[in-house]
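Listed here are the chains, written in short residue letters.
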Amino acid sequence: MLRFSILIMLILSLELSASEKAQPKSNASCISCHQQEAGHWQQSDHAKAMAIATEANVLGDFSSVDIKHYGQKAHFHRKSGKYFADISYDKTEKQPGKTKQSFEVKYSFGHYPLQQYLVETGKGKLQVLPFAWDSRPKTQGGQRWYHNYQSEEIAPNDRLHWQQPLQNWNGMCADCHSDGLKRHFSLSEQSFDTQWDNINVGCLSCHGDMSAHSQAQTTKSSSPSKLSLRDNPMHRDDKGIWKRKVEEKVATWHGEPRDNRFMETCFACHSLRSPLTNGIEAQKPFLDQFSPRFINAPSYYPDGQIKEEVYVYGSFMQSKMQAAGVNCLDCHDSHTMKLKAEGNNLCLQCHSPAHFNTKEHLHHKAGTAGSLCVDCHMPQTRYMGVDDRRDHSFSIPRPTLSEQTGSPNACNRCHQDKDPSWAAAQLKDWFGGAKQLAPNQLALISLRAGEAISPIAHRKIIDDTSIAAITRASAIELLPMTHETVNVSWYQGQLTSSEALIRLAAAEQGYLLPDNIRAQVLSPLLNDPLRSVRIAAARTLSADTKLKATQELTFSNEVSSWRGEGRLNLALQHLAIGQWEKAETQLIASIETDPYFDPSYINLADIYRATGQTSKANNTFKEGLLHNPNSSGLHYGLGLHLIRAKDYLAAEKYLENAATLAPQNVQYQYVYLVALDHNGKTTDALDYLKRYFASYSAHPQLIDIGISFARKQGHLSMINYLKQLKNTK
């Protein structure tokens, strides 16, 4: 944690950088020499990532069109050559505040299969309009306006409302849609002065600043060793080739080991990650700029398939393709980014047609759903209403896992009228069944699905080097499910792993180390070569504010302080070293910035409780529930607050709300049952517990308290029922 004076200096430096106008770098010199590549790039999505709202760029229908979504309306029209969206609301309790606002569309954002639009809302903030244009052909259901949350009503008091921070372009989207973008966020003013080198994704985003190379070509420099394009990792100079003998099923790499470092730049945007710096620097390691989301719930299914909008990094990094040395540009053209071949021909670059492109393997008639390799091995998930994206883990369909874990499978995605057992029988008939997963892989899937495994079995997953590094790192993230503390000598092996993702995950879970040795064991990672690992270690250790890693942690939190999470993380840094007042200031600012982010209220109320400011704690909970009436955490927190105040009947109501809103939270259920018993409602507690077990897992802690209550009541049949449940666990 930075001392206050250092923190102020950091804030001032941030604001100074926002006001400085650096000379933007141009792609013009690249294009003048590399015209063929530039022509290919013009065909790419990158070239259309963002544009000024002009007739040439705007695809949507602005010819005085009216759209309605629940209580929200939009009128799209043009005036004096400019584009406008008038957003209005029905006057209902769900839609408080202003009933109509008019916004000029400044930029188009993307182009296919949808195009979104950006408008200014003050303090340099650009927000994404709630309605997007479906740019697909009419025959595919396109050429229409539709709401970004088609099946939900998103009211202004919802965190997902288009004018809230989570829909802010500057922080959420900008760095991946423009060359050399810098957010330039002012912490004190809560404003942006966002700038870019080029409005879309061009040469600079992938190749970095090549001005030295350009100058060398212009002046015929005699020092190519420092200025050559080939010194740039983005220049692929593979000394080898994928080759396959006639009798072989799959090609293998022949030649010198491939240099796939350029994919670090691809991952910077094609991943779900938290930024650690202000903008993206091409050619810099991915983990030096971002901390990625691991392959666990809620973003992924238990078997590792993509669930939420996680992009490509997580799925590809767990694949056999990645392990074999395949890279993005084996399948995608380097400048158009389009696929290098159509249909199964893409896969048949490396996979034998005689083995895989046959009736015996495909079992689907050519030209029908299921006849393409990708239909089975890269199933699609639809995001943002119209955008179908493929899973890049290249996995085998496993219907039996669908039965066990609820994960989808490619077979039943198409055959929705059938169940997984039917699909499993078909695969068994065709192929003798899917190849069995190794025991450690099955154990991890069980763990992700919420099933109990032993601590020893958990550690075996992490130690299994046949499993992809990102998968093992994801297993480390789940260690709290099976461990209260970890064996020091074993854990040191994770902290010193040659795999950066393993070190990162181990640093993040370092609090599982015994208190008396944690600092000694974790401290070396404060000097790790990669920023993400250093920051994770600093966060876990609450390290000295003078250390580089702690200053990097503070800066990464400030970079994200345009949303509630950033301010909350700054507050937690202060709390870790006992700076209560500074933590309070950050949490108040977090609530002002992001009023529908409930953790800030909970932490602020906890500060007030710990410092004896009972009235402020009560008011904070009430304010939080006013903005977040469905927050189980706020209901639970206020319930505990009222118990401490000995207002047990009032507490019962809030604890009941918490238990109802989060039924799978065992702690909430347990405390609610205790409250019922304390208030003389033990019979009600037993009735509630029986209803609960009819729908949710019978957790041993809940069974035990139920048996205690049943004995207290002399309820023999309930005792027997609960004991039977316990014996089946």
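In short, a report on the structure.

Rules of the game
- Residues numbered from 1 in each chain as written.
- Predicted model: local features only at pLDDT ≥ 70, side-chain atom pairs only at ≥ 80, totals over all residues.
- Heavy atoms only, no water.
- Salt bridge = Lys/Arg side-chain N within 4 Å of Asp/Glu carboxyl O.
- Helix = DSSP H or I, 4+ residues; strand = E, 2+ residues; numbered from the N terminus.
- Buried < 20%, exposed > 50% of the residue type's maximum accessible area, 1.4 Å probe, protein only.
- Disulfide = S-S within 2.5 Å.
- Core = buried A, V, L, I, M, F, W, Y, C linked by side-chain atoms within 4.5 Å.
- Pairing = 2+ DSSP bridges.
- Axes fitted to C-alpha atoms, helices over the stretch in contact; angles between N-to-C directions.
- Parallel < 35°, antiparallel > 145°, perpendicular 65-115°, else oblique.
- Left-handed = near helix turned anticlockwise from the far one by under 90°.
- Contact = heavy atoms within 4.5 Å.
- Nonpolar A, V, L, I, M, F, W, Y, C, P; charged D, E, K, R; others polar.

### Let's talk about the pattern of salt bridges
Applying the stated criterion to the full structure yields 23 salt bridges. Glu565 serves as the salt-bridge partner of Arg159, at 2.7 Å between the closest nitrogen and oxygen. Residue Arg159 is found in the loop between strand E9 (144-147) and helix H4 (169-172), and its partner Glu565 is found in helix H26 (residues 564-576); the two are separated by 406 residues along the sequence. With its nearest N and O atoms 2.5 Å apart, the salt bridge here joins Arg518 to Asp515. Residue Arg518 and its partner Asp515 are both found in helix H23 (residues 515-522); the two are separated by 3 residues, about one turn of the helix. According to the relative accessible area criterion, Asp515 is exposed, its value standing at 65%.

### Section: the state of the cysteines
Inspection of every chain in the model, using the stated rule, returns 1 disulfide. What pairs with Cys176 in a disulfide is Cys269, and their sulfur atoms sit 2.5 Å apart. With the S-S bond torsion at -105°, the cross-link from Cys176 to Cys269 turns out left-handed. Placement of the pair is Cys176 in the loop between H4 and strand E10 (185-186) and Cys269 in helix H8 (residues 263-269), with a sequence separation of 93 residues. Residue Cys269 is classed as partly exposed on the basis of its relative accessible area, which comes to 25%. Looking at Cys30, it has no disulfide partner, and the nearest cysteine sulfur is the one in Cys203, 4.1 Å off. Accessibility expressed as a relative area gives 21% for Cys203, which makes it partly exposed.

### Concerning the environment of Ala366
Along the chain, the position of Ala366 falls in the loop between helix H13 (359-362) and helix H14 (373-377). Of the residues examined, Ala366 reaches a relative accessible area of 68% and is grouped as exposed. Expressed as a C-alpha distance, the spacing of Ala366 and Ser44, which sit 322 residues apart in the sequence, is 29 Å.

### Thoughts on the nonpolar core
A general feature of soluble globular proteins is that nonpolar side chains tend to end up buried together. By size, the foremost hydrophobic cluster in this structure holds 58 residues, and its most contacted members are Leu479, Tyr491, Leu495 and Leu501. Considering every element that reaches this core, the biggest residue donor is helix H22 (residues 500-508), with 7 residues. In terms of nonpolar packing, the next biggest core, distinct from the first, is built from 28 residues, Val666, Val671, Phe693 and Leu722 among them.

### Concerning the environment of His458
Mapping His458 onto the fold places it in helix H19 (residues 455-463). Overall, the relative accessible area of 0% leaves His458 in the buried class. Residues His458 and Gly202, spaced 256 residues apart in sequence, show a C-alpha to C-alpha distance of 44 Å.

### A short note on the pairing of strand E6 (residues 114-122)
In the sheet, strand E5 (residues 100-109) pairs with E6 via 4 bridges, with the strands oriented antiparallel. Across the sheet, residue Phe109 finds its bridge partner in E6, namely Gln116. Linkage of E5 to E6, two consecutive antiparallel strands, is achieved through a turn of 4 residues, within which Gly110 is found at a positive phi near 80°. Pairing analysis gives 4 bridges linking E6 to strand E7 (residues 125-128), with the strands arranged antiparallel. In the sheet register, Val119 faces E7, and the bridge partner there is Gln127. If you look at the hairpin formed by E6 and E7, you'll find 2 residues sitting between the two strands, and Lys123 has a positive phi there, around 60°.

### Section: the packing of helix H32 (residues 666-678) against helix H33 (residues 682-693)
It is at 7 Å that the axes of H32 and H33 come closest, and there the two elements cross at 155°. In terms of orientation, H32 lies roughly antiparallel with respect to H33. Note that H32 runs across H33; the crossing there is right-handed. Contacts from Gln669, Tyr672, Leu673, Leu676 and Asp677 in H32 reach Thr682, Asp684, Ala685, Tyr688, Leu689 and Tyr692 in H33. Within the contact of H32 with H33, the residues separate by chemical class into 7 nonpolar, 2 polar and 2 charged.

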